[in-house]
Amino acid sequence: MRDSPGRDVTDHFDVVIIGGGIHGVGVAQAAACDGYSVLVLEQTGLASATSGSSSKLIHGGLRYLEGLHFSLVRESLRERTLLLKLAPDLVQLQVFHIPIYPETSRRPMMIRAGLSLYALLGGLRPANRFRTLRPGEWQDLDGLETKHLQAVYQYYDAQTDDAALTRAVMQSATDLGAGLQCPAEFTAAEIAADGCAVHYTLGGMDYRCSASVLVNAAGPWINTVAGRIHPPPPTTAVALVQGSHLVLEGRIEKGGYYLEAPADRRAVFLLPWKGRTLLGTTETVYSGDPADVAPLAAEEAYLLETLRHYFPHRPQTVVDRFTGLRVLPAAGNAVFARSRETRFGTDDPRRPRVVAIYGGKLTGYRATAQRVMRLLHRTLPSRKPLANTERLKLKPVQEP
């Protein structure tokens, strides 16, 4: 590998990962489990972007059944089951309700069929079953509008603190020997047959290390990072789609609610969140700097309209707002209909030196990391495994 300008740092790593979101730290954990030396470069802070601004759900993807994404749902339900076991202090089962009215586009027969398939794909475990609430139970649902209410279905998914989960996964990787540089900005990489020269800045100083492989887990910055790699790897055209959330005064006691927004029939969740109420999310195409994304007034109005439609007497005082960016395929169809499948880009599928992670779901981060490792094993030498991510317990880490 040829030399290049930079501070004289001779550290070599099997895997260097750009991005400290859930997928970056997930790959770090998986690589460390497999016995590889790992370094994560994060420009701001762990889970400082999309991975700290999600809907806080570890879910099976009930709505993905409409797109016939059965394998995605099956995998998500499997990963949910694993996380409930591996991270009981971070991931908890949560009851959800789906109210049905005359104007609801998904009719009772369709909801029942979807929930039945959901349970089947999840292996008919108790946590995957559902029931229909009796009309006498409707009055207890946190002030849900009962006028013209036709049915309420109850099922289960799981909830987490996404940033706390990300920190826990990184700590698990660190315990196995992985390193983290933060805040460190990746500035360039040169790819050669024998590895990668990686350049980054830390504390105003320029540093260089070498790596056998480079993983681009930069989320909404993924193609910006790709543009700093030479020779440039193939990239995938993407759309950045912002999802905004509101934190409201007051708390809900009976679980979460899966609602249809009256404006466009999209899914909106109302969730308990740290003694308050979380409402989200939106889907608005974004074209600016990912660092500048912020909730829009129109998005707030959209979410509050949905709240008023279903819960006309609940508090509507907003105490916080946040927005995350999804990375979705660039396509002509509606944002809501675009695939949520994770995609991978490589410089060479047979022996990759660079692997890029496009998209991905919080729930499936561990499975995504395993797929990345299968790609990297084509290039990396064999090592003695130290652990298995299917059995590693995750513990809360104090926020820095």
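Procedures and definitions
Residues numbered from 1 in each chain as written. Predicted model: local features only at pLDDT ≥ 70, side-chain atom pairs only at ≥ 80, totals over all residues. Heavy atoms only, no water. Helix = DSSP H or I, 4+ residues; strand = E, 2+ residues; numbered from the N terminus. Buried < 20%, exposed > 50% of the residue type's maximum accessible area, 1.4 Å probe, protein only. Polar contact = N/O pair within 3.5 Å; in protein donor to acceptor, adjacent residues only side chain to side chain. Contact = heavy atoms within 4.5 Å. Pairing = 2+ DSSP bridges.

A. Spatial organisation of the side chain of serine 53. Mapped onto the elements of the fold, serine 53 is located in the loop between β2 (38-41) and β3 (57-58). Serine 53 gets classed as buried once you look at its relative accessible area, which sits at 12%. Here alanine 49 takes part through its backbone oxygen, which lies 3.3 Å from a polar atom of the side chain of serine 53. The contacts of serine 53, once residues within four sequence positions are left out, are Asp162, Gly243, His245, Phe322, Thr323 and Gly324.

B. Region of the structure containing unusual backbone geometry. Residue proline 183 is reached from cysteine 182 by a cis peptide bond, and omega for that bond is 0°. Histidine 230 connects to proline 231 through a cis peptide bond whose omega is -5°. Its location among the elements puts proline 231 in the loop between β11 (229-230) and β12 (238-248).

C. Region of interest: the side chain of histidine 59. Mapping histidine 59 onto the fold places it in the loop between β3 and α2 (70-86). A residue is classified by how much of its surface remains accessible, and histidine 59, at 17% relative accessible area, is buried. Among the polar contacts listed, one links the side chain of histidine 59 to the backbone nitrogen of glycine 61, at a separation of 3.0 Å. Every residue in contact with histidine 59, bar those within four places of it in the chain, is listed here: Tyr64, Ser76, Arg80, Tyr118, Asp157, Lys361 and Thr363.

D. Quick peek at the pairing of strand β14 (residues 267-273). Buried residues dominate β14, accounting for seven of its seven residues. Every second residue of β14 is oriented toward a common face, with Ala267, Phe269, Leu271 and Trp273 on one face and Val268, Leu270 and Pro272 on the other, all of them buried. Relative to β14, strand β13 (residues 256-260) runs antiparallel, the two being bridged by four bridges. By the bridge assignment, leucine 259 is partnered in β14 with valine 268. The antiparallel pairing of β13 with β14 creates a hairpin that spans six residues between the two strands, and arginine 265 there sits at a positive phi of about 70°. Both β14 and strand β15 (residues 276-280) contribute to a ladder of five bridges, which runs antiparallel. Residue pairing in the sheet places leucine 271 in a bridge with leucine 278 of β15. Once β14 ends, the chain turns through two residues before running back antiparallel as β15, passing lysine 274 with a positive phi of about 50°.

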